[in-house]
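# A look at the structure
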Amino acid sequence: MDFILIAMILALLIPIYEAWQDNDIWQKMLAFASIATKTSIMMLVVSVLRDDWPIGVVAVIILSVGNAGLMLLAHLIRRMNEI
Amino acid sequence: MFWPTVLVVEKQHKMIDIYTYVIIALLPLAALILVFQVNPYHALVIRAILGAVASLVYAVLGAADVALTEALVGTMLAITLYVVAVRSSLVMRLGILEEVATEKEQYFTELIANLRQVVNEHHLRLELVSYPNSEALDNALKNKEIHATCTKISPQDSESEHQFIYQTAIRVHHLFEIMQNELTLPTTTLNYINLSHQEDKH
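Keep in mind that this is a model prediction, so the values were computed, not measured.

Once that is clear, we can look at the overall build of chain B. Scanning chain B from terminus to terminus reveals 8 helices and 5 strands. Ordered by position from N to C terminus, the α and β elements of chain B give α-α-α-α-β-α-α-β-α-β-β-α-β. In chain B, the share of contacts with a sequence separation of at least 24, taken over all contacts with a separation of at least 6, comes to 60%. As presented, chain B carries roughly 11100 Å² of accessible surface, and 59% of it is formed by carbon and sulfur atoms.

Dropping the structure here:
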């Protein structure tokens, strides 16, 4: 089942490249959203592969917290452009 | 039960899987991208990405509690506080009169746009603060509430040189040097106001 994780790592490289190359801050935020979701889904896959419940619980918490952090950051950056 | 060490992984799997190495290799990659950022806001977004990758690495190595702490503190709390700090410190406050602020003259909007462009190249923000009269404006500059003032030159002064319409007084020397070198519009004079004989903190 390792090939699933290898494929997910390859998919993770795409937003990392985007965050590196694009100079627009909103494109970077999009890449961050993509990476935050992908990493926590990868944690979930690892927890299922290893039958490790604690990691699964933590992955679900990180999946929701990542979105909350993204919303906070987006609001702060949006207000910076308005003033 | 939480075991924040690699030992758990090795107990369950005698051989460390190949994808573990690939995931760990993502961490220095994200760190290198972070180091080469110039704009502070871009660097903070990349730092958030580094936090997400780091928490993935910790979770894969079996340290679920460390991964949760990295996601909560390293990615959410630290980045939010740093964005607030950078946003309120990297700013140039320009004091103007209310009557100038309300009139929509073309020279003035051009001048503000030019100032904003110069300041943005140095990753600063331009914040306009309006004051009711010129004494309040001078007092604000003396009390270091603002970094610079922009006022209209009265017509009898500017008869000799017609192209100057506004005068800009800056009290921060480094900002003055930047403006002197990079401001392209010739519609304003630039003055440096030295307030260093008072207790100097800016």
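From this point, the narrative continues.
Before going further, it helps to examine the sheet that holds strand β2 (residues 125-131) of chain B. Residue and element names in this part refer to chain B. Here we have 5 strands laid out as an open sheet, ordered β2-β1-β3-β4-β5, and mixed in their pairing. Because the sheet does not close on itself, it has two edges, and the strands there are β2 and β5 (188-192). With strand direction ignored, the average angle separating the axes of adjacent strands in the sheet is 25°. By the bridge criterion, 3 bridges tie strand β1 (residues 91-97) to strand β3 (residues 148-152) in an arrangement that is parallel. Its bridge partner being in β3, I96 is matched across the sheet by C150.

Packed helices, taken two at a time, are described by the angle between their axes plus the distance between the axes. Here helix α1 (residues 2-21) of chain A crosses helix α2 (residues 18-35) of chain B at 5°, and the two axes come no closer than 10 Å. It follows that α1 of chain A is roughly parallel to α2 of chain B by the angle criterion. Contacts from D2, L5, I6, I9, L12, L13, I16 and W20 of chain A in α1 of chain A reach Y19, V22, I23, L26, L29 and I33 of chain B in α2 of chain B.

What follows concerns the packing of α1 of chain A against helix α2 (residues 25-50) of chain A. Residue and element names in this part refer to chain A. Put simply, α1 and α2 touch, their axes get as near as 9 Å, and they point 165° apart. When the interaxial angle is binned, α1 and α2 end up roughly antiparallel. The two elements α1 and α2 cross, and the hand of that crossing is left-handed. In this structure, α1 uses L5, M8, I9, A11, L12, P15, I16, E18, A19 and W20 to contact α2, whose residues at the interface are Q27, K28, A31, S34, I35, K38, T39, I41, M42, V45, V46 and L49. When grouped by side-chain class, the residues that make up the contact of α1 with α2 number 16 nonpolar, 3 polar and 3 charged.

Our next topic: the nonpolar core. Ranked by internal contacts, the top residues of the largest apolar core, which has 47 residues, are F32 and M42 of chain A together with I23 of chain B. The element that contributes the greatest number of residues to this core is helix α3 (residues 40-60) of chain B, accounting for 12 residues. Discounting chain neighbours no more than four positions away, the residues touching I23 of chain B are I9 and M42 of chain A together with L56, V57 and V60 of chain B. The next biggest cluster of nonpolar side chains, apart from the first, holds 31 residues, and it includes L111, A148, C150 and L175 of chain B.

Let's shift gears to helix α6 (residues 106-121) of chain B. A turn of α-helix holds 3.6 residues, and therefore any two residues three or four places apart point the same way. Residues and elements named next belong to chain B. Helix length check: α6 (16 residues) gives 23 Å between terminal C-alpha atoms against 22 Å at 1.5 Å per residue, within 8%. Where α6 is concerned, the buried positions are F108, L111, I112, N114, L115, V118 and V119. Viewed end-on, α6 has its buried residues packed into an arc of 160°, placing them on one side of the element. Of the exposed residues in α6, the ones pointing more than 90 degrees away from its buried face are Q106 and E121.

The pLDDT averaged across chain A works out to 89; a share of 96% of its residues lies at or above 70. Here helix α3 (residues 53-82) of chain A stands out as the least confident element of chain A, with mean pLDDT 87; α2 of chain A is the most confident, with 93.

Here Y166 of chain B is to be found in strand β4 (residues 166-170). Taking C-alpha positions, Y166 of chain B is 6.7 Å from C150 of chain B, a pair spaced 16 residues apart along the chain.

Each value, and the rule that gives it
- Residue numbers run consecutively from 1 along every chain, following the written order of its sequence.
- Chains and ligands are labelled by the order in which they are written, letters from A for the one and numbers from 1 for the other.
- Per-residue local features of the predicted model are confined to residues with pLDDT of at least 70, and side-chain atom pairs are confined, for both listing and counting, to 80 or more; whole-chain, interface and lining totals are unaffected and use all residues.
- Side-chain calculation: all heavy atoms of the structure are included, whereas hydrogens and water are not.
- Numbering of helices and strands starts at the N terminus; helices are DSSP runs of H or I of at least 4 residues and strands are runs of E of at least 2.
- The contact rule is simple, with two residues in contact once any of their heavy atoms fall within 4.5 Å.
- Only the protein chains shown count as cover for residues, with accessible areas throughout obtained via the Shrake-Rupley method and a probe of 1.4 Å.
- A pair of strands is labelled paired if DSSP reports no fewer than 2 bridges between them.
- Angles run from 0 to 180 degrees between N-to-C directions of axes, and those axes are lines fitted to C-alpha atoms, restricted for helices to the stretch in contact.
- Angular relationships are summarised with four words: roughly parallel below 35 degrees, roughly antiparallel beyond 145, roughly perpendicular across 65 to 115, and oblique for the angles in between.
- Handedness of each helix crossing follows the sense of rotation of the near helix against the far helix: counterclockwise by less than a right angle gives left-handed, clockwise gives right-handed.
- Each residue gets one label: Ala, Val, Leu, Ile, Met, Phe, Trp, Tyr, Cys and Pro are nonpolar, Asp, Glu, Lys and Arg are charged, and the others, such as Gly, are polar.
- Here, the term nonpolar core denotes a set of buried Ala, Val, Leu, Ile, Met, Phe, Trp, Tyr and Cys residues that are joined through side-chain atoms within 4.5 Å.
- Burial classification: accessible surface area is computed with a 1.4 Å probe over protein chains only, and a residue below 20% of its type maximum counts as buried, one above 50% as exposed, and the rest as partly exposed.
- Multiply 1.5 Å by the residue count of a helix minus one, and that product is the helix's expected span.
- As used here, the arc is the angular range of directions from the helix axis to the C-beta atoms.
- As a per-residue quantity, pLDDT reports the predictor's confidence and falls between 0 and 100.

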